[in-house]
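Next come the chains, spelled out residue by residue.
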Amino acid sequence: MSTFTMDADWLVYCQNPTKPRFTLPAGSIDAHCHVFGPGDQFPYAPERKYTPCDAPAEKLFALRDFLGFERNVIVQATCHGADNRAVVDALHKAHGRARGIATVRANVTDQELAELDAAGVRGLRFNFVKRLVDTTPPEVLAQLAARIAPMGWHTVIYFEAADLPSLYDFLKSLPTIVVVDHMGRPDVSKSVDGPEFALFVQLMRECPNIWSKVTCPERLTKTGPSQYADVVPFARHLVETFPDRVLWGTDWPHPNLKAHMPDDGYLVDFIPSIAPTAELQHKLLVANPDRLYFSR
Ligand code: 0GY
């Protein structure tokens, strides 16, 4: 019996995804996914804002193989706070086929960072989404970024589009590669050419060290799962404009979706609509994440 009871409105990940029609290029990397617990082994953090279902490494690797991915980038989820043991355990079990993104507090020691590096962690996640975390002051995050830059690590940033104006200068100032989760969460009911998304595109234009995950159509869509048509123009614009600085991932096990749980096979079938050529697909799924995560 688990010590943790998932939230009453929690949606469990799809148990029987369909086989994608789109064949992923050899060496493809799912560059944004999580593991949750299992809570009995890796307790959820006391400061968490949600209690998920368990989603252990074995299930993630089964999905990886079923969909046709070769490797994963496992991102620390907020339900584990700054306790990275579940991610580190998954990296160990992946036998070199995964890298990780950790969350740490300001008092993390150099020795702890070195141990995370040895386990396969290659970056830190800074989260500005208020429903997920109590925000850490940017100056504290800037100090952490300065410490990880010499390690060759990067920063992964999660924020919502409405907060980009206030974060703009902070993002520009970071001394690492900066990977923005889910395209900065644009409001896709607005125009892809409108001022809100234009600001994000401008940030990427101004800063060659800023990358974007073109992920989470299921999270961003306003019109529903049918082709995620409203999300396509945003993701495709970034893929075509910045083909060497985009990443793709499933976001399995899809935390905090309240209305619709995607079929992961169907999410893979979304890829050709945002990366329509074999060359763009290879950059998005293989070359870019391989360069960022697996060069050592
Ligand atoms: C995502 C999105 C979400 C959650 C987290 O770490 C997390 O809890 O990332 C979200 O709720 O939008 O990328 O998985």
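Residues numbered from 1 in each chain as written. Predicted model: local features only at pLDDT ≥ 70, side-chain atom pairs only at ≥ 80, totals over all residues. Heavy atoms only, no water.

(A) Examining empty space enclosed by the protein more closely. All told, the structure shown has two cavities of 30 Å³ or more when counted by the stated rule. For the largest cavity, the calculated volume is near 110 Å³. As for the largest cavity, its lining consists of 14 residues, and the residues nearest its centre are Arg125, Leu132, Tyr158, Pro255 and Asn256. Partitioning the lining of the largest cavity into residue classes produces five nonpolar, five polar and four charged. For the second largest cavity, the calculated volume is near 50 Å³. When residues in the lining of the second largest cavity are grouped by element, the largest group, three residues, is from helix α6 (residues 195–206). The residue inventory of the lining of the second largest cavity, partitioned by class, reads seven nonpolar, one polar and one charged. (1 Å grid on protein atoms, 1.4 Å probe; cavity = no way out; pocket = protein on both sides within 12 Å on 5 of 7 lines; lining within 4 Å. Points joined across faces, edges and corners; volume = space filled by probe spheres on them. Nonpolar A, V, L, I, M, F, W, Y, C, P; charged D, E, K, R; others polar. Helix = DSSP H or I, 4+ residues; strand = E, 2+ residues; numbered from the N terminus.)

(B) Region of interest: the packing of aromatic side chains. The full count for this structure, using the stated rule, is 11 aromatic pairs. Between phenylalanine 36 and tyrosine 50, the aromatic rings sit 6.4 Å apart at their centres with planes inclined by 65°, giving edge-to-face as the arrangement. Pair noted here: phenylalanine 36 is in the loop between β1 (29–33) and α1 (57–67) and tyrosine 50 is in the loop between β1 and α1, with a separation of 14 residues, a long-range link. The pair phenylalanine 36 / tyrosine 50 is uniform in exposure class, with both members buried. Taken together, a centroid distance of 6.0 Å and an interplanar angle of 55° make the contact between tyrosine 228 and tyrosine 266 tilted. (Phe/Tyr/Trp six-rings, centres within 6.5 Å; stacked < 30°, edge-to-face > 60°. Buried < 20%, exposed > 50% of the residue type's maximum accessible area, 1.4 Å probe, protein only.)

(C) Representation of the pattern of salt bridges within the structure. Per the stated rule, a full pass over the model turns up 24 salt bridges. Taking the shortest distance from any N to any O, the salt bridge between arginine 125 and aspartate 181 comes out at 2.9 Å. Of this pair, arginine 125 sits in strand β4 (residues 121–127) while aspartate 181 sits in the loop between β6 (178–180) and α6, placing them 56 residues apart in sequence. As far as the burial class goes, arginine 125 and aspartate 181 line up, both buried. As a salt-bridge pair, aspartate 251 and arginine 219 come within 2.8 Å of each other at their nearest N and O atoms. (Salt bridge = Lys/Arg side-chain N within 4 Å of Asp/Glu carboxyl O.)

(D) Main features of the confidence of the model for the protein chain. Considering every residue of the protein chain, the mean pLDDT works out to 97; 99% of them sit at 70 or more. Highest mean pLDDT in the protein chain belongs to strand β8 (residues 246–247) (99); lowest belongs to helix α7 (residues 217–220) (96). (pLDDT = per-residue confidence, 0-100.)

(E) Spatial organisation of the layout of surface pockets. Taken as a whole, the largest pocket holds about 350 Å³ of empty space. Taken together, the elements giving at least two residues each to the lining of the largest pocket come down to β4 and α4 (138–148). Partitioned by chemical class, the residues of the lining of the largest pocket number nine nonpolar, six polar and five charged.

(F) Fine view of the pairing of strand β5 (residues 154–158). Counted residue by residue, β5 has five buried out of five residues, so it is predominantly covered. Of the pairings in the sheet, the one linking β4 to β5 comprises five bridges and is parallel in character. The residue bridging glycine 123 from the neighbouring strand is histidine 154, located in β5. At this point the chain moves from β4, through α4, to the parallel β5, and the crossover so formed is right-handed. After leaving β5, the chain enters helix α5 (residues 164–173) and then returns to the sheet as β6, a path that is right-handed. (Pairing = 2+ DSSP bridges. Right-handed = clockwise from strand over helix to strand, strands pointing away.)

(G) A look at the site of the ligand. Around the ligand sit 15 residues in total, of which His34, Tyr50, Thr78, Tyr158 and His182 are the nearest. Contact between the ligand and arginine 219: an oxygen atom at 3.2 Å from a side-chain N or O atom of the residue. Between an oxygen atom of the ligand and a side-chain N or O atom of aspartate 251, the distance comes to 2.7 Å. Because more than half of its atoms lie within 2 Å of the grid, the ligand is assigned to the largest cavity. Taken together, the residues of the shell around the ligand break down into five nonpolar, five polar and five charged. (Near = heavy atom within 4 Å. Polar contact = N/O pair within 3.5 Å; in protein donor to acceptor, adjacent residues only side chain to side chain. Sits in = over half its atoms within 2 Å of the grid points.)

(H) Structural view of the side chain of lysine 283. For lysine 283, the position within the fold is in helix α11 (residues 278–293). Within the local environment of lysine 283, its side chain forms a polar contact with the side chain of aspartate 244, the two groups lying 2.8 Å apart.

(I) How the structure looks around the environment of threonine 18. Mapped onto the elements of the fold, threonine 18 is located in the segment before β1. Separated by 48 residues in sequence, threonine 18 and phenylalanine 66 have C-alpha atoms that sit 9.2 Å apart. Among the polar contacts made by the side chain of threonine 18, one reaches the side chain of aspartate 263 at a distance of 3.0 Å.

(J) The sheet that holds β4, seen in detail. Sheet architecture is open: eight strands sit in the order β1-β2-β3-β4-β5-β6-β7-β8, paired in parallel fashion. Edge positions in the open sheet fall to β1 and β8, since each of these has one partner strand only. Contacts between α6 and the sheet are confined to β6 and β7 (210–213), with β7 contributing the most and set at about 135° to the helix. (Contact = heavy atoms within 4.5 Å. Axes fitted to C-alpha atoms, helices over the stretch in contact; angles between N-to-C directions.)

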